[in-house]
Amino acid sequence: MILREVSATFEDISEAIPDQERPFLDRNTINESLLTPDQKHWRDNGFLILKNFIPHDVIDHYCQYFIEFADSHAGGFGIGTPYMKHPIIRDLCLHPPLMDKMQELIGHEMGMHLNLTGWKSTERNWHQDDYLNPPQIKSHYAAVWFALDDIHPDSGPFQYVPRSHKWSLVRRDKVLAMVDRSEATHPDWPKTTERFVVPAFESKMKKENLPQKEFIAKKGDVLIWHGALAHRGSA
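Residues numbered from 1 in each chain as written. Predicted model: local features only at pLDDT ≥ 70, side-chain atom pairs only at ≥ 80, totals over all residues. Heavy atoms only, no water.

Peer 1: Would you mind going over the overall build of the chain in detail, with residue names and values included?
Peer 2: For the chain, the helix and strand inventory stands at eight helices and eight strands. Computed over its C-alpha atoms, the radius of gyration of the chain comes to 18 Å, within 12% of the 18 Å expected for a compact globule of 235 residues. Seen through its C-alpha atoms, the chain measures out along the principal axes to roughly 50 × 50 × 30 Å. Within the chain, buried positions represent 46% of all 235 residues. For the chain, long-range pairs separated by at least 24 residues make up 80% of all intrachain contacts whose partners lie at least 6 apart in sequence. With an accessible surface of roughly 12300 Å², the chain has 51% of that area assigned to carbon and sulfur atoms. In the chain, 27 side chains carry a positive charge and 33 a negative one; their mean positions are 4 Å apart. (Helix = DSSP H or I, 4+ residues; strand = E, 2+ residues; numbered from the N terminus. Rg over C-alpha atoms; globule rule 2.2 N^0.38 Å. Buried < 20%, exposed > 50% of the residue type's maximum accessible area, 1.4 Å probe, protein only. Contact = heavy atoms within 4.5 Å. Areas by Shrake-Rupley, 256 points an atom, 1.4 Å probe, with all protein chains shown as cover. Lys, Arg positive; Asp, Glu negative; His and termini not counted. Charge placed at Lys NZ, Arg CZ, Asp CG, Glu CD.)

Printed below as a string of structure tokens:
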């Protein structure tokens, strides 16, 4: 596949979503006086950190199993849906207090659909998650990062831009409209299109002048982030 040079602004690849189609905590019409502190933080910032939230025995049980059954420590279980085969993943990721918190933030009972189980940074550069989902999702979605141990600042920690979830949503059809059909239909399009998606994010971040933060976590900590929050796995 031959890739041609593409230049795009953030506005070229994103669009505003009508208020009534957004998750309830994103809507302009909400009565903020009725929100819990966590709902208010999510609405304002697009993420929530839950300190020492997952019991360490649940983590230890998962890690012991992972070492024995994962394809490799670096690559994890090798598929995106290992929870279908390994119930222990559901024990960790569907921890009941976490599911209650997710429903508090998104407004729906949530189901799991993807696991990234590698024990190293993805090094995936700046992006929103939402454009990787079907178009009707529109951030009725959240992602969760579990700290299975204390995280060292040099290990490639998760980085994010608070309040960037208030930007417009990057849309898959707008991204793919900017490339040739051979690239648009290739399974690697999320990676190859980074050559113009990432610069669009970097330019937007510079324009908005929002600070970047790192999730330097302790074992048991959990980070939940909005489907439109700008984030990356650092090197």
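Resuming the write-up.
Peer 1: Residues and numbers for the sheet that holds strand 7 (residues 222-226), please.
Peer 2: Spatially, 2-7-3 is the arrangement adopted by the three strands of the open sheet, whose pairing is antiparallel. Strands at the two margins of the open sheet, each flanked by one partner only, are strand 2 (47-50) and strand 3 (142-146). Here the strands of the sheet are splayed against their neighbours by 15 degrees on average, with no regard to which way each runs. Direction of pairing for strand 2 relative to strand 7: antiparallel, over a ladder of four bridges. Considered in strand 7, the bridge of L50 is made with V222. (Pairing = 2+ DSSP bridges. Axes fitted to C-alpha atoms, helices over the stretch in contact; angles between N-to-C directions.)

Peer 1: Give me the environment of D221: which residues, what numbers.
Peer 2: Note that D221 resides in the loop between strand 6 (213-214) and strand 7. You can call D221 buried: its relative accessible area is 2%. Through-space distance from the C-alpha of D221 to that of E208 is 29 Å; in sequence the pair is 13 residues apart. Setting aside chain neighbours within four positions, we find D221 in contact with L50, K51, N52, F53, W145, F146, A147 and F215. A distance of 2.6 Å separates the side chain of D221 from the backbone nitrogen of N52, its partner in a polar contact. For D221, the side chain forms a polar contact with the main-chain nitrogen of K218, separated by 2.9 Å. (Polar contact = N/O pair within 3.5 Å; in protein donor to acceptor, adjacent residues only side chain to side chain.)

Peer 1: Summarise the packing of aromatic side chains; cite the residues concerned and give the values.
Peer 2: Enumeration according to the criterion identifies twelve aromatic pairs in this entry. With a centroid separation of 5.4 Å and an interplanar angle of 75 degrees, the aromatic rings of F10 and W167 are classed as edge-to-face. Taken as a pair, F10 in the segment before strand 1 (14-15) and W167 in the loop between strand 4 (158-160) and strand 5 (169-170) lie far apart in primary sequence, 157 residues in all. Both residues of the pair, F10 and W167, count as buried. Relative to F77, the ring of F66 has its centre 5.4 Å away and its plane inclined at 90 degrees; by these criteria the two rings are edge-to-face. Of this pair, F66 sits in helix 2 (residues 56-69) while F77 sits in the loop between helix 2 and helix 3 (87-93); the two residues are eleven residues apart in sequence, bridging distant segments of the chain. Assigned by exposure class, F66 and F77 land together as buried. Grouping aromatic residues by their ring pairs yields a cluster made of Y62, Y65, F66, F69, F77 and W119. (Phe/Tyr/Trp six-rings, centres within 6.5 Å; stacked < 30°, edge-to-face > 60°.)

Peer 1: Describe the sheet that holds strand 8 (residues 231-233), and please don't skip the residues or the numbers.
Peer 2: Pairing is antiparallel across the open sheet formed by three strands, whose spatial order is 6-4-8. What marks the edges here is a single partner per strand, and that holds for strand 6 and strand 8. With two bridges connecting them, strand 4 and strand 6 associate as antiparallel partners. Looking at strand 6, one finds that Y160 is bridged to K213.

Peer 1: Can you explain unusual backbone geometry? Please cite residues and give values.
Peer 2: Its identity is not glycine, yet E123 carries a phi of approximately 60 degrees, on the positive side. Relative to the helices and strands, E123 resides in the loop between helix 4 (96-106) and strand 3. The exposure class assigned to E123 is partly exposed, which follows from its relative accessible area of 48%. Phi is positive for K138, close to 50 degrees, though the residue is something other than glycine. Mapped onto the elements, K138 comes out in the loop between helix 4 and strand 3.

Peer 1: Describe the pairing of strand 7, with residues and values.
Peer 2: Of all five residues in strand 7, five are buried; the element is thus mostly enclosed. Relative to strand 7, strand 3 is paired through five bridges, and the arrangement is antiparallel. Paired with W145 across the strands is L223, a residue of strand 7.

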